[in-house]
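Each chain is listed here by its residues.
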Amino acid sequence: MGMTDKQFDGFVRFLLDDILEVIEGIPEGKEKEKLKRVAENLQKTLEN
């Protein structure tokens, strides 16, 4: 069974919130930059 658009947006918001929390707690480096790119892509998904 698939998700509705609202359910998908809710899932993306939940995921984005958790990723942003993790970003705050890790030192600068490759991992942090990768997570920032993932967060940016998720934010763009919500804006479309």
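Residues numbered from 1 in each chain as written. Predicted model: local features only at pLDDT ≥ 70, side-chain atom pairs only at ≥ 80, totals over all residues. Heavy atoms only, no water.

Chemist: Would you take a moment to explain the environment of T45 for this structure?
Modeler: Within the element layout of this structure, T45 appears in helix 2 (residues 30–47). What makes T45 partly exposed here is its relative accessible area of 34%. In this structure, the C-alpha to C-alpha distance between T45 and D9, residues 36 residues apart in sequence, is 8.5 Å. (Helix = DSSP H or I, 4+ residues; strand = E, 2+ residues; numbered from the N terminus. Buried < 20%, exposed > 50% of the residue type's maximum accessible area, 1.4 Å probe, protein only.)

Chemist: What is the right way to look at the nonpolar core in this model?
Modeler: The tendency in soluble globular proteins is for nonpolar side chains to be buried side by side. Among the nonpolar cores identified, the biggest contains 7 residues, and these are V12, L16, I19, I23, A39, L42 and L46. Looking at this core, the elements with two or more residues in it are helix 1 (5–25) and helix 2. Residue contacts for I19: discarding those within four places in its chain leaves L35, V38, A39 and L42. (Core = buried A, V, L, I, M, F, W, Y, C linked by side-chain atoms within 4.5 Å. Contact = heavy atoms within 4.5 Å.)

Chemist: Honestly, the pattern of salt bridges in this entry has me stumped. Any pointers?
Modeler: It is possible for side chains of opposite charge to pair when their charged atoms get near one another. For the coordinates displayed, the defined rule picks out 2 salt bridges. Among the ionic pairs, E28 bridges to K32, the shortest N-O distance being 3.3 Å. The exposed category is assigned to E28, whose relative accessible area is 57%. A salt bridge links E33 to K36; the shortest N-O distance between them is 3.7 Å. Note that E33 and K36 are positioned in helix 2 at a spacing of 3 residues, about one turn of the helix. (Salt bridge = Lys/Arg side-chain N within 4 Å of Asp/Glu carboxyl O.)

Chemist: Help me understand helix 1, please; the structure alone is not making it clear to me.
Modeler: An α-helix turns once per 3.6 residues; consequently, residues spaced three or four apart project the same way. Taking 1.5 Å as the rise per residue, helix 1 with 21 residues should run 30 Å; its terminal C-alpha atoms sit 31 Å apart, in good agreement. In this structure, the buried side of helix 1 is in contact with helix 2. (Expected span 1.5 Å × (residues − 1).)

Chemist: I'm lost on helix 2 in this one. Help?
Modeler: Here helix 2 spans 26 Å end to end across 18 residues, near enough to the 26 Å set by a 1.5 Å rise per residue. Residues of helix 2 that are buried in the fold lie against helix 1.

Chemist: Whenever I open this one, a nonpolar patch on the surface confuses me. Can you help?
Modeler: A surface patch of nonpolar side chains, about 370 Å² in accessible area, is lined by M3, F8, F11 and L15. If you trace the backbone, F8 turns up in helix 1. Overall, F8 belongs to the partly exposed group, its relative accessible area being 38%. (Patch = residues over 30% accessible without salt bridge, like charges linked within 9 Å, V, L, I, M, F, W, Y side chains within 5 Å. Areas by Shrake-Rupley, 256 points an atom, 1.4 Å probe, with all protein chains shown as cover.)

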